[in-house]
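Here's the letter readout for the chains.
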2 protein chains.
Amino acid sequence: MTSDSTPVPAPTVTTVPPAPASPEGSRVAATSGMPVVTMIGGGQLARMTHQAAIALGQRLRVLAASADEPAAQVTPDVVLGSHTDLDDLRAAARGAHALTFDHEHVPVAHLEVLVAEGVKVLPPPAALIYAQDKLRMRRKLSELGAPIPAYVELGADSPREALIEFGERHHWDIVLKTVTGGYDGRGVWLIDDREQALAVLDEAPAGAALMAEQKVALRRELSAMVGRSPFGQGAVWPVVETVQRKGQCAVVIAPAPGLDTELAESAQRLALRLAGELGVVGVMAVELFETIDGRLLVNELAMRPHNSGHWSMDGAVTGQFEQHLRAVLDYPLGDTSVLAPATVMANILGAEEAPSMSMDERLHHLFARIPRAKVHLYGKGERPDRKIGHVNVVGAPGGDVDDPDYVAQLREIAERAAHWMSHGVWTDGWDVHGE
Amino acid sequence: MTSDSTPVPAPTVTTVPPAPASPEGSRVAATSGMPVVTMIGGGQLARMTHQAAIALGQRLRVLAASADEPAAQVTPDVVLGSHTDLDDLRAAARGAHALTFDHEHVPVAHLEVLVAEGVKVLPPPAALIYAQDKLRMRRKLSELGAPIPAYVELGADSPREALIEFGERHHWDIVLKTVTGGYDGRGVWLIDDREQALAVLDEAPAGAALMAEQKVALRRELSAMVGRSPFGQGAVWPVVETVQRKGQCAVVIAPAPGLDTELAESAQRLALRLAGELGVVGVMAVELFETIDGRLLVNELAMRPHNSGHWSMDGAVTGQFEQHLRAVLDYPLGDTSVLAPATVMANILGAEEAPSMSMDERLHHLFARIPRAKVHLYGKGERPDRKIGHVNVVGAPGGDVDDPDYVAQLREIAERAAHWMSHGVWTDGWDVHGE
């Protein structure tokens, strides 16, 4: 802390003007001859991409809705604007060597205009559309012979009849989803019976297209993350296990424990193939269901750094954020080897009630108790179930990801750390005040 | 690339104003309740500290001389000014929870004023003085019984006589050093004979105090890096071997191969003890000579992140930049365990002649040939022998740092990568054009 008596700044002191969103704006990077990358969206993915850009000598520019978004807090090259406004997108793209994404919600029509104007939009709109539109994604995957759950389109004409027909066929063991715009559990309804299904359909806002999917008998959820460059090089990380809570990712175990080697390799081959067939550039997460009977089905595609890849920041030779930058700039891709037998990532998800202890105090206590925890905070306010950070715990050498005790212990540490950071409560009842 | 035809930004688009150097300036971090740290100096150490601050949810403010300094390029919170101007220092300190350093050249008198005004200056001036003034450091270390080379002060009165007496006693096998301001080989002269020594003394600018030191019969140079918090917690990394060229660090091997365990532990104990006795807060590098006859002598102290600690960014659970932030903010310190049997760091040192290939092209070729290289670029222009980046190569699991082949191979990869990045030439004669 400084005393209130510290004098006002001397006139000789000035602060650095922000880089204008113009070719001059990339002067600093330009003098070093290194690239400028524009990322649309100022969230935690852009924030962590900036960390990687610093090491590579690049300049990351973000288009953010406000100055206090996670990425806007930490990079000097920020354009304030909306990802749905073409002129804002144009302003953010000027002088950049590539334009890429923190989220999937940019209108493809705008992106096609940018491409026509010479902007390198990566992944290209023609690929990104499959991450935006679940129905087009399903159709394309069927076309490519990729395994997916049974689904039905609930189009404008007679959606009710289509839903009833599909529901009856699957004994109402189905899931309803909005075709576009859903994420982190939003726009997804787990259905048990006819009434519930019809209610969702009736309550759906006009024009919000829905689709229905068969509920899959799951063993667990997996994710296969891949990076692909314009040149066509692909690199895939080990397949990981993702644990969902309230419809969003809570824990990731890398690699997926006890996963059959052939199944793991088929998932990796599938991810590489889809990246190629869809023309993806950058990193892509292929979210998978591992069924009770040992099959893999594709659940979702995310064409950007993804929560299921956060473990790689500390647990792999090359993290997903560096790999995404390397891919969109057409550098050769980095080594995806693991640094440890297992790494566990646990999300810090905002608690129902804000803890009495400040985030900073919680961090002090966490570091005191778990010196090995790798904490990544996003600079976001705390709200229930909001992703405000994550913790990686890297396993000690000599362990084995197929040893349940080794993995269980790592997971316990990671989840305890994350729960402490969000709730200010130790899951094992430890009392910081020793009472 | 974008076409020149992209329209000018729409008026709705604005860029983020820089945070003023005032309590309001830390609004963003303040809303999240996380700390603001001011670092004096905008060099690569501040740049890499910013990467660590992002993960910890902190805000790093730098006092930089210009907007294109390595750290000023990548953090939005920059105060432009001089580290020798008290008002600039005050402006940079306002609203910060701690003030620390990218280099050791801030006048202690200014720092004492800041302390009196309530600024948390860490390391405190009373400790920093020993990193600024080699003579005071030597006197203090003798007082503390720490092993150091024989030395003599060449004070204002009869420096010539003192030099001759000391030189004769050591058969002119001595080193001349400026008492303050020297670094990376500057202000150090290796002496062979009387004439040379007297010439250095005669040519020394008036008022530039010199000292003489006995040249030590070296096996190699080592560094013991330690972190210490105000609370008094200390944490030490494994002792590393540092290889110097032209008087500056070129390569670091972590841990130091084939180092006697007792000697390694005594170096770690010495570093922890000195950090405590000197009241250091933050990280400190204790640069050591390992003598031919197996003793350790203290060469220099650096009270900040240090080149000999760059390996820890990729090779240890907790890197030196995160540890420095944890220390100055009095968090419990991070785990200093290694992630691999060995990690080798090689500096990218500017070539005599700028390579024809751009830095960006060189990076493409490096990634193509060495996918495991961890590259850290500083955004600096290329000048002969200038530190413009470094490369870390993390050893594969199962290796052994005491296996000369394992270490030699890692070192060869790291040095080849670094030399390629600076010179655009492969040390093994590989021709990128296949000619």
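Residues numbered from 1 in each chain as written. Chains lettered and ligands numbered in written order. Predicted model: local features only at pLDDT ≥ 70, side-chain atom pairs only at ≥ 80, totals over all residues. Heavy atoms only, no water.

Turning to the overall build of chain A, a few remarks are in order. If you tally the helices and strands in chain A, you get 13 helices and 18 strands. For 435 residues, the compact-globule estimate of 2.2 N^0.38 gives 22 Å, and the C-alpha radius of gyration of chain A, at 23 Å, lies within 12% of that figure. Projecting the C-alpha coordinates of chain A onto the three principal axes gives extents of approximately 75 × 65 × 45 Å. Each of the 435 residues in chain A was classed as buried or not, and the buried ones make up 61%. Taking contacts inside chain A between residues at least 6 apart in sequence as the whole, the part at least 24 apart equals 64%. On chain A, the mean spot of the 38 positive side-chain charges and the mean spot of the 56 negative ones are 4 Å from each other. (Helix = DSSP H or I, 4+ residues; strand = E, 2+ residues; numbered from the N terminus. Rg over C-alpha atoms; globule rule 2.2 N^0.38 Å. Buried < 20%, exposed > 50% of the residue type's maximum accessible area, 1.4 Å probe, protein only. Contact = heavy atoms within 4.5 Å. Lys, Arg positive; Asp, Glu negative; His and termini not counted. Charge placed at Lys NZ, Arg CZ, Asp CG, Glu CD.)

Residues and elements named next belong to chain A. When the UniProt feature table is mapped onto this chain numbering, "binding site: ATP" (unreviewed entry) sits at Lys-134, Lys-177, Glu-213, Gln-214, Lys-215, Val-216, Glu-221, Asn-299 and Glu-300. Note that Asn-299 resides in strand β15 (residues 296–302). Among all residues touching Asn-299, those that are not within four sequence positions of it are Met-137, Arg-138, Lys-177, Glu-221, Glu-287, Leu-288 and Phe-289. A polar atom in the side chain of Asn-299 sits 3.2 Å from the side chain of Lys-177. On the basis of relative accessibility, which here comes to 14%, the residue Glu-300 falls in the buried class. Filtering out sequence-adjacent residues up to four positions away, Glu-300 remains in contact with Lys-134, Met-137, Lys-177, Ala-285, Val-286 and Glu-287. In terms of polar contacts, Glu-300 uses its side chain to reach the side chain of Lys-177, at 3.0 Å. (UniProt positions renumbered as here; feature names shortened; annotations may be inferred. Polar contact = N/O pair within 3.5 Å; in protein donor to acceptor, adjacent residues only side chain to side chain.)

So, on to the packing of helix α5 (residues 125–132) of chain B against helix α6 (residues 134–143) of chain B. A pair of packed helices is characterised by two quantities: the angle between their axes and the separation of those axes. All names here are of chain B. Across the interface, α5 lies against α6 with an axial gap of 5 Å and an inter-helix angle of 110°. The orientation of α5 with respect to α6, classified from their angle, is roughly perpendicular. Residues Ile-129, Tyr-130 and Gln-132 of α5 form the contact with α6, whose own contacting residues are Lys-134, Arg-136, Met-137 and Lys-140. Of the residues belonging to the contact of α5 with α6, the class tally is 3 nonpolar, 1 polar and 3 charged. (Axes fitted to C-alpha atoms, helices over the stretch in contact; angles between N-to-C directions. Parallel < 35°, antiparallel > 145°, perpendicular 65-115°, else oblique. Nonpolar A, V, L, I, M, F, W, Y, C, P; charged D, E, K, R; others polar.)

Residues and elements named next belong to chain A. Pairing in this open sheet of 4 strands is antiparallel, and the strands run β6-β9-β7-β8 from one edge to the other. Each edge of the open sheet carries a strand with a single partner, namely β6 (151–154) and β8 (188–190). For this sheet the average axis-to-axis angle between neighbouring strands, irrespective of direction, equals 20°. Two strands pair when backbone bridges link them, and strand β7 (residues 174–178) and β8 are joined in this way by 3 bridges, in the antiparallel orientation. By the bridge assignment, Lys-177 is partnered in β8 with Val-188. Lying on the sheet, helix α7 (residues 159–169) is in contact with β6, β7 and β9 (210–214); it crosses β6 at an angle near 165°. (Pairing = 2+ DSSP bridges.)

Attention now goes to helix α2 (residues 44–55) of chain A. All names here are of chain A. Between the first and last C-alpha of α2 there are 18 Å, a value that for 12 residues agrees with the 16 Å anticipated at 1.5 Å per step. Of all 12 residues in α2, 12 are buried; the element is thus mostly enclosed. Positioned one or two residues after α2, Gly-57 has a phi angle of 75°, which is positive. (Expected span 1.5 Å × (residues − 1).)

All names here are of chain A. Every buried residue of α7 is listed here: Leu-163, Phe-166 and Gly-167. Seen end-on, α7 carries its buried residues on one side only, within an arc spanning 100°. Close packing links the buried residues of α7 with β6, β7, α8 (194–203) and β9. Positioned one or two residues after α7, His-171 has a phi angle of 55°, which is positive. (Arc of directions from axis to C-beta.)

This paragraph deals with the domain arrangement of chain A. A common way to report how large an interface is uses the accessible area buried once the components associate. Residues and elements named next belong to chain A. When cut into domains, chain A gives domain 1 (9–132), domain 2 (150–214) and domain 3 (218–423). Distance from the C-alpha centre of domain 1 to the C-alpha centre of domain 3: 25 Å. If you look at the interface, domain 1 gives 32 residues, while domain 3 gives 26 residues. Together domain 1 and domain 3 conceal approximately 2,200 Å² of surface at their shared face, both sides included; 69% is due to carbon and sulfur atoms. Interface area lost by domain 1 to domain 3 is led by Gln-44, Leu-45 and Met-48, which between them contribute 23%. One can count 1 salt bridge joining domain 1 with domain 3. Across the pair Arg-304 and Glu-104 runs a salt bridge, and its minimum N-O distance is 3.3 Å. Put simply, the parts of the chain that give the side of domain 1 that touches domain 3 at least two residues each are β2 (36–40), α2, β5 (98–101) and α5 (125–132). (Domains from an automatic or database assignment. Buried area = accessible area lost by both parts, 1.4 Å probe. Salt bridge = Lys/Arg side-chain N within 4 Å of Asp/Glu carboxyl O.)

Counting through the fold element by element, Arg-47 of chain A comes out in helix α2. The buried charged residue Arg-47 of chain A lacks any salt bridge partner; its closest oppositely charged side chain belongs to Asp-102 of chain A, at an N-O distance of 10 Å. Of the polar contacts made by the side chain of Arg-47 of chain A, one reaches the backbone oxygen of Leu-377 of chain A; its length is 3.1 Å. Discounting chain neighbours no more than four positions away, the residues touching Arg-47 of chain A are Pro-70, Ala-71, Gln-73, Val-74, Leu-377, Tyr-378 and Gly-379 of chain A together with Ile-54 and Gly-57 of chain B.

Another aspect to go through is the pattern of salt bridges. Residues and elements named next belong to chain A. Summed over the entire model, instances satisfying the criterion amount to 60 salt bridges over all chains. Between Glu-415 and Arg-411 there is a salt bridge; the shortest N-O distance is 2.7 Å. In this pair, Glu-415 and Arg-411 both sit in helix α13 (residues 404–423), 4 residues apart, roughly one turn of the helix. In this structure, a network of salt bridges that share partners links the residues Arg-138, Lys-177, Glu-213 and Glu-300.

Right, let's get into the pairing of strand β17 (residues 374–377) of chain B. Residue and element names in this part refer to chain B. Neither face of β17 is exposed, since Lys-374 and His-376 on one face and Val-375 and Leu-377 on the opposite face are all buried. The pairing of β17 with strand β18 (residues 387–394) spans 4 bridges and is antiparallel. Each residue of the ladder has a partner; that of His-376, found in β18, is His-390.

Here we take up the confidence of the model for chain A. Residue and element names in this part refer to chain A. When pLDDT is averaged along chain A, the result is 91; 91% of the residues meet or exceed 70. The low-confidence segment residues 1–31 (pLDDT under 50) makes 77 contacts with residues lying over four places distant or belonging to another chain. If you check the scores for this complex, the pTM reads 0.92 and the ipTM reads 0.91. (pLDDT = per-residue confidence, 0-100.)

A negative phi holds for most residues other than glycine; trans holds for most peptide bonds. Residue and element names in this part refer to chain A. For the bond running from Leu-122 to Pro-123, omega is 0°, close enough to zero to count as cis. Here Pro-123 is to be found in the loop between α4 (108–116) and α5. One non-glycine residue, Asp-330, lies in the positive phi region at around 60°. The exposure class of Asp-330 is partly exposed, given its relative accessible area of 31%. For Asp-385, which is not a glycine, the phi torsion comes out positive at approximately 65°. Within the secondary structure, Asp-385 sits in the loop between β17 (374–377) and β18 (387–394).

We now examine the sheet that holds strand β7 (residues 174–178) of chain B. All names here are of chain B. Read from one edge to the other, the open sheet built from 4 strands follows the order β6-β9-β7-β8, with strand pairing classed as antiparallel. At either margin of the open sheet sits one strand with a lone partner, and together these are β6 (151–154) and β8 (188–190). Strand-to-strand twist of the sheet, defined as the mean angle between neighbouring strand axes without regard to direction, takes the value 20°. Relative to β6, helix α7 (residues 159–169) is tilted by about 165°, and along the sheet it contacts β6, β7 and β9 (210–214).

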